[in-house]
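# Close look at the chain arrangement
Next come the chains, spelled out residue by residue.
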Amino acid sequence: SAVISQKPSRDICQRGTSLTIQCQVDSQVTMMFWYRQQPGQSLTLIATANQGSEATYESGFVIDKFPISRPNLTFSTLTVSNMSPEDSSIYLCSVPEASGTWDTQYFGPGTRLTVL
Amino acid sequence: AQTVTQSQPEMSVQEAETVTLSCTYDTSESDYYLFWYKQPPSRQMILVIRQEAYKQQNATENRFSVNFQKAAKSFSLKISDSQLGDAAMYFCAYFTGNTGKLIFGQGTTLQVKP
């Protein structure tokens, strides 16, 4: 499976500010996914990021709030904009298995965000 | 729309014993994949086991096995010889190529008692 790293691992931010989360993979992948995990909750898909095209957002998530960049096949960023305490969550990126089927996803360690 | 339901918010098991975590799902698809993921406290999400819906044989990975009942849309995880390191939140997840999305259940927190 791919080795996935995320930066920062955690952060505490003030409301109204923005935070950019980085996701780095050790192999080239076509698709990268961004998830949100609110405290004690399950994972919710925010968007799918394909290299060379606009990210596809899920219902309830918009580009102005969660802009995503995908400059190459090993890297992506998610920005949480104009943050409020409700944005306090763990944000995870994931990638599909590099070989074979793309149904299996592997996850990064997550970024734990606290908004005051 | 596909949904995944884990009806047990919390479970506990004595070390070395066996525990079964339940998962049901709803779908009209015939071709899909099911997964169990483990998320230890403050640690990375790990893939535990994968099941292809077209395979009747239940998947196994060492101490972890599943009971896949396609007609009943049930996908339970059995952990044998439970260890302290098995303590984590376990998520059941569903994937279909039609949507390309991984849909998660609410999670079950497993406590392992020494």
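Look up: the structure comes first, before these words.
Since we're looking at a predicted model, the values are computed, not measured. (Residues numbered from 1 in each chain as written. Chains lettered and ligands numbered in written order. Predicted model: local features only at pLDDT ≥ 70, side-chain atom pairs only at ≥ 80, totals over all residues. Heavy atoms only, no water.)

### Re the sheet that holds strand S8 (residues 75-80) of chain A
Residues and elements named next belong to chain A. Taken together, the four strands give an open sheet; going across it, the order is S1-S3-S8-S7, and neighbouring strands pair in antiparallel fashion. A single partner strand is all that each edge strand has here, and the edge strands are strand S1 (4-7) and strand S7 (68-72). Adjacent strand axes in the sheet meet at a mean angle of 15 degrees, parallel and antiparallel pairs treated alike. Sheet topology note: the S7/S8 ladder contains three bridges and is antiparallel. Its bridge partner lying in S8, Asn-72 is registered against Phe-75. (Pairing = 2+ DSSP bridges. Helix = DSSP H or I, 4+ residues; strand = E, 2+ residues; numbered from the N terminus. Axes fitted to C-alpha atoms, helices over the stretch in contact; angles between N-to-C directions.)

### Description of the pattern of salt bridges
For the coordinates displayed, the defined rule picks out six salt bridges over all chains. A salt bridge links Lys101(B) to Glu58(A), with the nearest nitrogen and oxygen atoms 2.7 Å apart. Of this pair, Lys101(B) sits in strand S11 (residues 101-104) while Glu58(A) sits in the loop between strand S6 (56-57) and S7, each in a different chain. Shared partners join several salt bridges into a network, and the residues in it are Arg50(B), Glu52(B) and Lys55(B). (Salt bridge = Lys/Arg side-chain N within 4 Å of Asp/Glu carboxyl O.)

### Regarding the state of the cysteines
Enumeration over the complete set of coordinates arrives at two disulfides over all chains. Put simply, Cys23(A) and Cys93(A) are joined by a disulfide, and their sulfur atoms are 2.0 Å apart. The chirality of the disulfide connecting Cys23(A) with Cys93(A) is right-handed, given an S-S dihedral of about 75 degrees. With a gap of 70 residues between them, Cys23(A) in strand S3 (residues 19-25) and Cys93(A) in strand S9 (residues 89-96) connect regions that are remote in the sequence. Cys93(A) sits in the buried class, given a relative accessible area of 1%. Cys23(B) shares a disulfide with Cys92(B); S-S distance 2.0 Å. Its S-S torsion of approximately -70 degrees makes the covalent link between Cys23(B) and Cys92(B) left-handed. On the criterion of sequence distance, the pair formed by Cys23(B) in the loop between strand S3 (19-21) and strand S4 (24-26) and Cys92(B) in strand S10 (residues 88-96) is long-range, its members being 69 residues apart. By relative accessible area, which is 1% here, Cys92(B) ends up buried. (Disulfide = S-S within 2.5 Å. Buried < 20%, exposed > 50% of the residue type's maximum accessible area, 1.4 Å probe, protein only.)

By themselves, these figures tell us nothing about what the structure is for.
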